[in-house]
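# Structure assessment
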Protein chains: 2
Amino acid sequence: MGWNKVAIVGVGMIKFGELFEKGFENMMEEAYLAAINNVDKGFDPKEIQAAWLGTSRPNLFGFVTIGGAFVSGNLGLIGIPVTRVENGCPTGSDAFRNACFGVASGVYDVVLAIGVEKMRDKSTSEGLLARAVEGHPIINRGETAAVTFSLVATRHMHEFGTTPEQLAMVSVKNRKNACLDPYAHYQSEIKVEDVLKSPMVAYPLHLFDCCPQTDGAAATLLCRADMAHKFTDKPVYVAGLGFGTDYLYFNEKPHFLGFDASVRAAQQAYKMAGVGPKDIALAEVHDCFTITEIVDYEDLGFCEKGQGGKFIESGASERNGILPVNPSGGLISKGHPLGATGIAQMCELFWHLRGEAGQRQVDVTKGYGLQHNVGGFGIANSVVTILSNRAN
Amino acid sequence: MGWNKVAIVGVGMIKFGELFEKGFENMMEEAYLAAINNVDKGFDPKEIQAAWLGTSRPNLFGFVTIGGAFVSGNLGLIGIPVTRVENGCPTGSDAFRNACFGVASGVYDVVLAIGVEKMRDKSTSEGLLARAVEGHPIINRGETAAVTFSLVATRHMHEFGTTPEQLAMVSVKNRKNACLDPYAHYQSEIKVEDVLKSPMVAYPLHLFDCCPQTDGAAATLLCRADMAHKFTDKPVYVAGLGFGTDYLYFNEKPHFLGFDASVRAAQQAYKMAGVGPKDIALAEVHDCFTITEIVDYEDLGFCEKGQGGKFIESGASERNGILPVNPSGGLISKGHPLGATGIAQMCELFWHLRGEAGQRQVDVTKGYGLQHNVGGFGIANSVVTILSNRAN
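None of these values were measured; they are calculated from a predicted model.

This part is about the overall build of chain A. Counting secondary structure elements, chain A contains 11 helices and 11 strands. The C-alpha atoms of chain A give 19 Å as radius of gyration, which agrees with the globular expectation for 392 residues (21 Å, within 12%). With respect to the three principal axes, the spread of C-alpha positions in chain A is 55 × 45 × 40 Å. Here chain A holds 392 residues, and 64% of them are scored as buried. Put simply, 78% of the contacts in chain A that link residues at least 6 apart link residues at least 24 apart.

So, on to the packing of helix 4 (residues 145-160) of chain A against helix 8 (residues 290-299) of chain A. Relative placement of two packed helices is described by the angle separating their axes and the distance separating the axes. Residue and element names in this part refer to chain A. Running from N to C, helix 4 and helix 8 cross one another at 60°; their axes reach a closest spacing of 9 Å. The orientation of helix 4 relative to helix 8 falls into the category oblique. The handedness of the crossing between helix 4 and helix 8 comes out as left-handed. Within the contact between the two elements, helix 4 uses Phe 149, Val 152, Ala 153 and His 156 and helix 8 uses Ile 291, Thr 292, Ile 294 and Val 295. Across the contact of helix 4 with helix 8, the residue classes break down as six nonpolar, two polar and no charged.

This paragraph deals with the nonpolar core. Among the nonpolar cores identified, the biggest contains 272 residues, and A:Ala51, A:Val111, A:Ile114, B:Ala51 and B:Ile114 are the most heavily contacted of them. In contact with A:Ile114, not counting residues within four places along its chain, are A:Met28, A:Ala31, A:Tyr32, A:Ala51, A:Leu53, A:Val71, A:Ala219 and A:Ile343.

The amide bond that connects A:Tyr203 to the next residue, A:Pro204, takes the cis arrangement and shows omega of 5°. Considering the arrangement of structural elements, one finds A:Pro204 in the loop between strand 5 (200-202) and strand 6 (205-206).

Here we take up the pairing of strand 11 (residues 381-388) of chain A. Residue and element names in this part refer to chain A. With respect to burial, strand 11 is a largely interior element, eight of its eight residues being buried. Direction of pairing for strand 8 (residues 236-245) relative to strand 11: antiparallel, over a ladder of eight bridges. Counted as the bridge partner of Leu 241 is Thr 385 from strand 11. Pairing geometry for strand 10 (residues 368-375) and strand 11, over eight bridges, is antiparallel. Its bridge partner lying in strand 11, Gly 375 is registered against Asn 381. In this antiparallel pair of consecutive strands, strand 10 and strand 11, the connection spans five residues, and Gly 376 shows a positive phi of 80°.

Before going further, it helps to spend a moment on the confidence of the model for chain A. Interpretation of this model should avoid reading the predicted coordinates in detail wherever pLDDT is low. Model confidence for chain A is summarised by a mean pLDDT of 93, while 93% of its residues fall at 70 or above. This complex was scored by the predictor with a pTM of 0.97 and an ipTM of 0.96.

All right, on to the environment of B:Cys210 then. Among the secondary structure elements, B:Cys210 is positioned in the loop between strand 6 (205-206) and strand 7 (216-224). Contact partners of B:Cys210, with chain neighbours within four places excluded, come to B:Ala146, B:Val201, B:Leu205 and B:Phe289.

Let us now look at helix 7 (residues 260-273) of chain B. Residues and elements named next belong to chain B. In this model helix 7 runs 20 Å from its N-terminal to its C-terminal C-alpha over 14 residues, within 8% of the 20 Å that 1.5 Å per residue would give. Most of helix 7 sits out of view: 12 of its 14 residues are buried. Burial in helix 7 covers these residues: Asp 260, Ala 261, Ser 262, Val 263, Arg 264, Ala 265, Ala 266, Gln 268, Ala 269, Tyr 270, Met 272 and Ala 273. In the stretch just after helix 7, Gly 274 is the one whose phi turns positive, near 70°.

Tracing the backbone shows B:Phe302 in the loop between helix 8 (290-299) and helix 9 (308-313). Linking B:Phe302 and B:Ser317, residues 15 residues apart in sequence, is a C-alpha distance of 9.4 Å.

Where helix 3 (residues 91-104) of chain A contacts helix 3 (residues 91-104) of chain B, the two axes come as close as 8 Å, and the packing angle between them is 65°. As for how helix 3 of chain A packs across helix 3 of chain B, the hand of that crossing is left-handed. Contacts between helix 3 of chain A and helix 3 of chain B involve A:Asn98, A:Phe101 and A:Gly102 from the former and B:Asn98, B:Phe101 and B:Gly102 from the latter. Looking at the contact of helix 3 of chain A with helix 3 of chain B residue by residue, the class counts come to two nonpolar, four polar and no charged.

Count 3.6 residues to each turn of an α-helix, and residues three or four apart come out pointing the same way. In terms of burial, helix 8 of chain B is largely enclosed, as 10 of its 10 residues are buried. Residues of helix 8 of chain B that are buried: B:Thr290, B:Ile291, B:Thr292, B:Glu293, B:Ile294, B:Val295, B:Asp296, B:Tyr297, B:Glu298 and B:Asp299.

Take the environment of B:Asp40 next. For B:Asp40, the position within the fold is in the loop between helix 1 (24-36) and strand 2 (50-54). Along the backbone, B:Asp40 and B:Phe231 are 191 residues apart, and their C-alpha atoms lie at a distance of 6.3 Å.

What counts, and at which threshold
- Residues numbered from 1 in each chain as written.
- Chains lettered and ligands numbered in written order.
- Predicted model: local features only at pLDDT ≥ 70, side-chain atom pairs only at ≥ 80, totals over all residues.
- Helix = DSSP H or I, 4+ residues; strand = E, 2+ residues; numbered from the N terminus.
- Rg over C-alpha atoms; globule rule 2.2 N^0.38 Å.
- Buried ≥ 20, exposed ≤ 12 C-beta atoms within 10 Å, placed from the backbone.
- Contact = placed C-beta atoms within 7 Å.
- Axes fitted to C-alpha atoms, helices over the stretch in contact; angles between N-to-C directions.
- Parallel < 35°, antiparallel > 145°, perpendicular 65-115°, else oblique.
- Left-handed = near helix turned anticlockwise from the far one by under 90°.
- Nonpolar A, V, L, I, M, F, W, Y, C, P; charged D, E, K, R; others polar.
- Core = buried A, V, L, I, M, F, W, Y, C linked by C-beta atoms within 7 Å.
- Pairing = 2+ DSSP bridges.
- pLDDT = per-residue confidence, 0-100.
- Expected span 1.5 Å × (residues − 1).

Structure representation (structure tokens):
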């Protein structure tokens, strides 16, 4: 079932972290080399006909009005088209989506989708998040990312009885998963009490309810589905793509109980893939804060509205649960370098769907993996991608 | 001849200028409304399934990490996917290109490609161009845009005997054309002497060899070619799309006699369209500086290498010449709001190819129009698009 016009034949990423010793280009190069060097039947970079770069704020490091050209220059791919996509938190996943369109349009056979973001080289006050809305006349009045998401957390607690302990369980689960993920920024376990005792950032979100600020890069090689076996006997297919938007300002939104952008993105992706939540073997979802993963469960149809807290408490989203969520450790453990995050999620799904996720491998009998991002200012953009290890 | 999977069925733009009285959103809204209100058989905005936004530096006005979401919010299109593309000077044309892929992929039937840029609300030292490379460790050492292009001008003069008078003729021609274009920033004629007497910016480029800094917005409505007649009896088809990159740093480039990114983009677009320079009825090309249009003639195959100066001198690119170039007045007269420029060029070709360009209408018997941008830092990105009024 599914769209299946495009296949992923190779992926690569770098270990996420505070990479002060690596430049933007170094990170990009390492992810790219990891991808091309791990294609089962070998890969000649000359096969790449076009590229898409996901990066949100490269101008903090001197890269604006450059667009995609420094991808081709630094990767030895001079001449090929490179589009730079920026789309808030789903920047990487939307670059991937546009790369899929490039292939499915019939114009390109083999393309690269790569995401890179540096979050730590600048001070907090000069960094991407602090300067996200500089210059705007009305937004940016004390609204940090944590404040924005806390609005949803408090309303969800009020309406559905979701507890700080349930929020903390998301962090506990994901940090536990990350101990098996060599690419994660954090690779240590924490307990519910650790989360609840950590400093309050914006009620009810404590420090350990928040993902860290992290540098990262990830890459995927995509091709026409009908030529995928030239590169591997185990291609992973793009079964469905969804993208939803929402009102930009909070005063316009009809409710604070979840993210309508996610709901819309999920509906499109499920429809295109011809599957539903029950068919999903594993999901890599946006957990920039613990509350985000709770409402993701609901917005993506993994459970009924209001049941997100009970879903995490039940163990359903554990690595051995009925629907493992964020076996990689999620953004909570890996960090959230905006341009890289979505593409790193594709890498994780690729490894699981091919049975190559090592100690953190989940049961993929169902055959489908779901990727999800939501965010950007106003939490108004969401991408959902459904991948499959089945051509039909 | 040509790809012809996608058709343009409506276009709109605003008068370019110093639009201090209009916000980013106002400009976007006006261009959008102009497009949807000028579809021959009427247009229901609900038809739009996805959008692509070209904008290069919206963060100067508080719009970063927002991605495309403020398009959907401000235009009453809440819910639809919106991708933001940034690609230096070809930002608008690359947004258009990705919108074409979205349609040709089979995923969307009707989409919007819109470009917006504010260049004048900030002071020169705070503006887009001045801050284009802020933070980069080695670029941005005195290299303004004019300095960068002057390297090509002096080398072209040395190698081929191109003269400052020939450069000035580009400005004279384009300013004359713009007098008939109600959308142009400048609508007054100048003479060769005026250009040569204007202040020197970077030898040999005088003030009137340079395009102004201008605010602008433009929009195109695209659909599957096979449904275009639902909206109009005169669709304009996308016959070919090309995008080329080049080395980012000048010390890496093999020569300073033209832009290899343009050559590569043109080759792709001609091949896809199945036509050559001889088939082009008119061209809207990148003339950020007069030297740019001179080398464009050569890079796009309108004349032999080194003959660009003689080409303008011969009158070949006049509105009644063998290949009219920039009948709109070009960037020299219209200005260059990065996100809007490429899409505004599509608008101009659309009007000419439908015989609706009024007093500035050129002979379109040949049936093809060519759009071109080149630039970004290092002049390393180029888009060429070939449009046609023929379905086959």
